[in-house]
Each structure stands twice: as C-alpha cells, then as structure tokens.
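Chain by chain, the residues run as shown.
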Amino acid sequence: MATDLVEINPEAPQPEALERAAAAVRRGNVVAIPTDALYTLVADPFNLHAVTQVFAAKGREPHRSLPILVRDMMMAEELAGELNNRFFILARRFWPGPLTIIVPASAKVPLKVTGNTGRMALRQAKCAIADQLLAMLNEPLISTSANISGHPTCRSGIEVFGMMDGRVDLVLDGGHCGGAGATTVDITEPYWRVIKNGAVEEKEIAACLQQS
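Predicted model, so just to flag it, every value in this text is computed and none were measured.

Q: Just to check I follow, could you spell out the overall build of the chain for this structure?
A: When you go through the chain residue by residue, the secondary structure sums to seven helices and 10 strands. The C-alpha radius of gyration of the chain comes to 16 Å, within 12% of the 17 Å expected for a compact globule of 212 residues. Put simply, 65% of the contacts in the chain that link residues at least 6 apart link residues at least 24 apart. Accessible area of the chain: about 9600 Å², with a carbon and sulfur share of 49%. In the chain, 20 positive and 23 negative side-chain charges are present, and the distance between their average locations comes to 5 Å.

Spelled out as structure tokens, the structure:
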C-alpha cells in the first residue's frame, strides 16, 4: 500500500483534505491525523476489516483495546454500557480535551475493538480536524497513537509518514503537535486509577472527583 501525505491546516481544515480522509475511512482504510494529543490513527470501529488493519499497522497485540474518539457526550452514551457518575463528572470537566476515560462497552461495539475485554477508552478531542471529520462521518472513530507499538507517538505528519509509510492509507500533515499526549483513567473498578500519564495530572482528576 502506498501512503499519501496531504497537508492540512489544523485551525481551519480544508474541506477537500477532510473529505479525502472521510472517503478513506469509509473504504475501511486507516488514516493518521493530528489532534490536541499528538498524532493518532483513525478508522471505522464497526468495520472489522478496518479494525484488523489498525492492529496490523501498529503491530499491536490483539488483547489490547483500541481507544475511540467521540464528537460529544451523546455519542459516548450510545457506545457505552452503564455509565457511572465519575464518567459524567470527568467528561463535563475535561472534555473536549486530553483525557481518555475507560468505561464498559455496549453490545454494539465489536468485541475485537475492546481487545475482548468488554471495556473501551473514550475521548472527545479539542481539535477542529477530529471534530469536523467526526461530523462528516457521523460516527465514532478508532483513535490510537500514531506509532508502531513500542515506539514513541509521532509528533509531526512527516514523522508519521516516515514510520507508517506502507502501513496506513493517508497521513494528514498538520505540522508539529506539542504537548504531553492524553491521560487515560480507568473508572470501571471501585477505585479509579490513572493507567497512562499525560496532559491531565492525576491530582487534577482526584480534585475533580473529590468535589463531587
């Protein structure tokens, strides 16, 4: 597979670049895009061929779940099983933004996406490219770090292209992405815990939940 590289303005994304990405996703392909939490690989979570392509592109173990980008709280509620108060408290405080929240998945989410765990990680990005692509497709997107497993997450489109050439269909190059990446918090157990450190600090999560 030849990987295409298309420049895009992160602040005012060109419609033709977004449409090209949306068309690739509809075909079941994998696309790399810049977000507020570094570059990410996006694909259709309901297309099992696309899900397989994401695992193959990253060299990711099949027991590891694939995070999901949603456009809003309503989309999150449609994908999730029962949501607890912690979810709503954290989502209202930190979304859109760099906090990924692990919740139970509903039956409509393919088990393969959850790594056969029945749980999934949800995030709403603070990012025009992601938001407009989600609106164009009117569905959630797989959103996993743009890298081969075990390597650092890519911070530029050129870096993604260098690492993922031949593994993904398209890279939207929005220049350099700064920041620490997204924090991931698991709220499915009696005691919540941060399982990946990022831009939102654990003490901020603790303070938010304690105030509720």
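Q: Explain the nonpolar core to me, please; I cannot follow it from the model alone.
A: Of all hydrophobic cores here, the largest spans 49 residues; its most connected members are F87, L90, I101, V103, L122 and I205. Only β3 (38-43), α2 (48-58), α3 (73-79), α4 (85-94), β5 (99-104), β6 (119-123), α6 (157-164) and α7 (202-210) provide two or more residues apiece to this core. Not counting residues within four places of it along the chain, the set of residues in contact with L122 comprises I68, V70, A76, L79, W95, L99, T100, I101 and V103. V31, L69, A130 and L172 belong to the second largest nonpolar core, which has 22 residues in total.

Q: Sorry if this is basic, but what is going on with the sheet that holds strand β10 (residues 193-196) here?
A: Backbone hydrogen bonds are what pair the strands of a sheet, in a parallel or an antiparallel way. Across the sheet, 10 strands lie side by side as β1-β8-β2-β3-β7-β4-β6-β5-β9-β10; this open sheet has mixed pairing. Both edges of this open sheet fall to β1 (4-7) and β10, since each of them pairs with a single strand only. Here strand β4 (residues 68-69) runs beside strand β7 (residues 141-145); their pairing, made up of two bridges, is antiparallel. Bridged to I68 within β7 is I142. The strands that helix α5 (residues 128-137) touches are β2 (31-35), β3, β4, β7 and β8 (170-173); relative to β2, the one it contacts most, it runs at about 135°. Those strands touched by α6 are β1, β2, β3 and β8, and its axis lies near 160° from that of β8.

Q: Looking at this structure, I do not really get the packing of aromatic side chains. What am I missing?
A: Aromatic rings in a pair are described by how distant their centres are and how their planes are angled relative to each other. Inspection of every chain in the model, using the stated rule, returns two aromatic pairs. Summarising the aromatic geometry, the rings of F87 and F88 are spaced 5.2 Å apart at their centres and angled 80° between planes, so their arrangement reads as edge-to-face. Owing to a relative accessible area of 0%, F87 belongs among the buried residues under this scheme. Relative to W95, the ring of F87 lies with its centre 5.5 Å away and its plane at 85°, an arrangement referred to as edge-to-face. Owing to a relative accessible area of 8%, W95 belongs among the buried residues under this scheme. Among the aromatic side chains, those forming a connected cluster through ring pairs are F87, F88 and W95.

Q: Which parts of the structure should I look at to understand the packing of helix α1 (residues 15-26) against α5?
A: Between α1 and α5, whose axes approach to 10 Å, the crossing angle comes to 55°. Compared by their axis directions, α1 and α5 come out oblique. For the pair α1 and α5, the crossing hand works out as right-handed. In this structure, α1 contributes P15, L18, E19, A21, A22, V25 and R26 to the contact, and α5 contributes I129, Q132, L133, M136 and L137.

Q: Please explain the side chain of T144 as it appears in this structure.
A: Looking at the secondary structure, you find T144 in strand β7. By relative accessible area, T144 is classed as buried at 2%. The contact partners of T144, leaving out residues within four places of it in the chain, are T40, L41, V54, K58, R60, L66 and P67.

Q: Looking at this structure, how should I read α5?
A: One turn of the α-helix equals 3.6 residues, which is why residues spaced by three or four share an orientation. Where α5 is concerned, the buried positions are I129, A130, L133, L134 and L137. Axial view of α5: buried residues confined to an arc of 125°, hence all on one face. Where α5 is buried, its residues contact α1, β2, β3, β4, β7 and β8. Just downstream of α5, N138 is the residue with a positive phi angle, here 55°.

Here is what the cut-offs are and how they apply
Residues numbered from 1 in each chain as written. Predicted model: local features only at pLDDT ≥ 70, side-chain atom pairs only at ≥ 80, totals over all residues. Heavy atoms only, no water. Helix = DSSP H or I, 4+ residues; strand = E, 2+ residues; numbered from the N terminus. Rg over C-alpha atoms; globule rule 2.2 N^0.38 Å. Contact = heavy atoms within 4.5 Å. Areas by Shrake-Rupley, 256 points an atom, 1.4 Å probe, with all protein chains shown as cover. Lys, Arg positive; Asp, Glu negative; His and termini not counted. Charge placed at Lys NZ, Arg CZ, Asp CG, Glu CD. Core = buried A, V, L, I, M, F, W, Y, C linked by side-chain atoms within 4.5 Å. Buried < 20%, exposed > 50% of the residue type's maximum accessible area, 1.4 Å probe, protein only. Pairing = 2+ DSSP bridges. Axes fitted to C-alpha atoms, helices over the stretch in contact; angles between N-to-C directions. Phe/Tyr/Trp six-rings, centres within 6.5 Å; stacked < 30°, edge-to-face > 60°. Parallel < 35°, antiparallel > 145°, perpendicular 65-115°, else oblique. Left-handed = near helix turned anticlockwise from the far one by under 90°. Arc of directions from axis to C-beta.

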